[in-house]
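Structure assessment
As a plain string of letters, each chain reads:
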Amino acid sequence: MKRQLNLGIRRSGVVRRAGAALALTALTLPLTVAFGSTAQAATVSSCTASRGPYQKQAEKFLGLPVDGRQSAADCRAIRAFQTSHGITPNIGYAGPVTWGVMSVVAQQKAAGTNPNKARKCPTNKGRIACVDLTRQLSWIQDGSKLVFGPVPIRSGRDGYETRTGAKKIYWRNLHHVSTIYDVPMPYSQFFDGGQAFHSISGSVWSAPGSHGCVNMRSNDAKKYWSLLKNGDDVYVYGRKSGT
């Protein structure tokens, strides 16, 4: 089974890499344009005095005075948000990547304890793990009962999209290592070819996204491991911004 899985992951990975053409996603491109180059921007460490195109939106999201002008306080607050959500460069510039993450976080907070309010995830299957790509959220339900979540996730980037539809967990590996990228994938629970729930060490909000897997914070992935088993249903729907 493990050998067959590795072959399946390898084949699907080759197809997706060819289609992706190793391009940056729409989320990362605007920052590259704004600051000259990603490498150069990453070396900037000072807090910027520049007003970003999403200045007012960022001020409102962070509870700051909304005047559309960059102040030292604005920069510190935006920079703190960027740092806590793995956004680089974290210089306090209210650009499209920062506002994109803020928008997703706002939707995640609005989900509250009723993430399936719109009933887009089927609840007539017993235990099911729901994945909403639009809001970058996942949760586990038993019928109408919310068992765990919702929790933030990071799905596939442009060209490596997490595939939508009804799935089932078919293979689990607590200490899995990717056969394509040679990176650890703790608490892996595969539900569609090489796509799986698993934890990552970095930020689940960081752009551009995964290679198709549903990335989770370590404690969330560990909880999913304890609550799910082979044969349990997974339902993926929506569309991630930029894909």
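Residues numbered from 1 in each chain as written. Predicted model: local features only at pLDDT ≥ 70, side-chain atom pairs only at ≥ 80, totals over all residues. Heavy atoms only, no water.

1. Looking at the environment of Gly 193
- Within the fold, Gly 193 resides in the loop between β6 (184-192) and β7 (195-199).
- Under the relative-accessibility criterion, Gly 193 is labelled partly exposed at 34%. (Helix = DSSP H or I, 4+ residues; strand = E, 2+ residues; numbered from the N terminus. Buried < 20%, exposed > 50% of the residue type's maximum accessible area, 1.4 Å probe, protein only.)

2. Section: the side chain of Gln 108
- Checked against the element boundaries, Gln 108 lands in helix α6 (residues 96-111).
- In contact with Gln 108, not counting residues within four places along its chain, are Arg 135, Gln 136, Leu 137, Pro 152 and Trp 205. (Contact = heavy atoms within 4.5 Å.)

3. Brief notes about the pattern of salt bridges
- Under the definition given, this model contains eight salt bridges.
- For Asp 67, the salt bridge goes to Arg 69, with nearest N and O atoms at 3.7 Å.
- Asp 67 gets classed as partly exposed once you look at its relative accessible area, which sits at 34%.
- Given the relative accessible area of 57%, Arg 69 is considered exposed.
- We note a salt bridge from Lys 167 to Asp 192, for which the minimum N-O separation is 2.6 Å. (Salt bridge = Lys/Arg side-chain N within 4 Å of Asp/Glu carboxyl O.)

4. Considerations on the state of the cysteines
- Evaluated as defined, the whole model comprises two disulfides.
- Here Cys 47 connects covalently by a disulfide to Cys 75, the sulfurs 1.8 Å from one another. A torsion of -125 degrees about the S-S bond marks the disulfide between Cys 47 and Cys 75 as left-handed. Residue Cys 47 is found in the loop between α3 (38-42) and α4 (55-61), and its partner Cys 75 is found in helix α5 (residues 72-84); the two are separated by 28 residues along the sequence.
- The exposure class of Cys 47 is partly exposed, given its relative accessible area of 33%.
- We classify Cys 75 as buried; its relative accessible area is 2%. (Disulfide = S-S within 2.5 Å.)

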